[in-house]
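Here's the letter readout for the chains.
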Amino acid sequence: MLWQKVDKLLKEKHMSINQLATKMGLSKNNRTMYYLRDGKIKKPSFELMCKIADALGVSLDYFRKDKY
């Protein structure tokens, strides 16, 4: 579900995973975003989520699960 939200924003902003990673300050060889996409990262850290939100220009609340 998390990746679906990231992917939706990437499509809206016409960004690639590599562009997102660069905007997050990750090196070209860093595979973090691919690991997240492929489900290898099941519980991303708060720091990673902050970087993703900042790079995509959204609040962390955007990534929260739907309200109970």
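The structure reproduced in this document is the subject of the present report. (Residues numbered from 1 in each chain as written. Predicted model: local features only at pLDDT ≥ 70, side-chain atom pairs only at ≥ 80, totals over all residues. Heavy atoms only, no water.)

## A few points about helix H1 (residues 2-12)
At step 1: Restricting attention to buried positions, one finds in H1 the residues Trp3, Lys5, Val6, Leu9 and Leu10. The arc that holds the buried residues of H1, viewed along the axis, is 160 degrees, so those residues lie on one side. Turned more than 90 degrees away from the buried face of H1, the exposed residues are Gln4 and Lys11.
At step 2: Positive backbone phi, at 55 degrees, marks His14, one or two positions downstream of H1. (Buried < 20%, exposed > 50% of the residue type's maximum accessible area, 1.4 Å probe, protein only. Helix = DSSP H or I, 4+ residues; strand = E, 2+ residues; numbered from the N terminus. Arc of directions from axis to C-beta.)

## Focus: the packing of aromatic side chains
At step 1: Taken as a whole, this structure holds one aromatic pair when the rule is applied.
At step 2: Their ring planes at 90 degrees and their centres at 5.2 Å tell us that Tyr62 and Phe63 sit as a pair that is edge-to-face.
At step 3: On the basis of relative accessible area, Tyr62 is assigned to the partly exposed category, the value being 28%. (Phe/Tyr/Trp six-rings, centres within 6.5 Å; stacked < 30°, edge-to-face > 60°.)

## Here we look at the pattern of salt bridges
At step 1: Under the defined criterion, the tally for this structure stands at four salt bridges.
At step 2: Across the pair Asp38 and Arg37 runs a salt bridge whose closest N-O atoms are separated by 3.0 Å.
At step 3: In this structure Asp38 comes out as partly exposed when scored by relative accessible area, which is 46%.
At step 4: By relative accessible area, which is 38% here, Arg37 ends up partly exposed.
At step 5: Linking Lys51 and Glu47 is a salt bridge whose minimum nitrogen-to-oxygen distance equals 3.8 Å. Linking Lys51 with Glu47, this pair stays in helix H4 (residues 46-56), spanning four residues, or about one helical turn.
At step 6: Residue Lys51 is classed as partly exposed on the basis of its relative accessible area, which comes to 31%. (Salt bridge = Lys/Arg side-chain N within 4 Å of Asp/Glu carboxyl O.)

## So, the layout of surface pockets
At step 1: The computed volume of the largest pocket comes to approximately 340 Å³.
At step 2: The wall of the largest pocket is formed by 14 residues, among which Leu2, Lys42, Pro44, Phe63 and Lys65 lie closest to the centre.
At step 3: Taken together, the residues of the lining of the largest pocket break down into nine nonpolar, one polar and four charged. (1 Å grid on protein atoms, 1.4 Å probe; cavity = no way out; pocket = protein on both sides within 12 Å on 5 of 7 lines; lining within 4 Å. Points joined across faces, edges and corners; volume = space filled by probe spheres on them. Nonpolar A, V, L, I, M, F, W, Y, C, P; charged D, E, K, R; others polar.)

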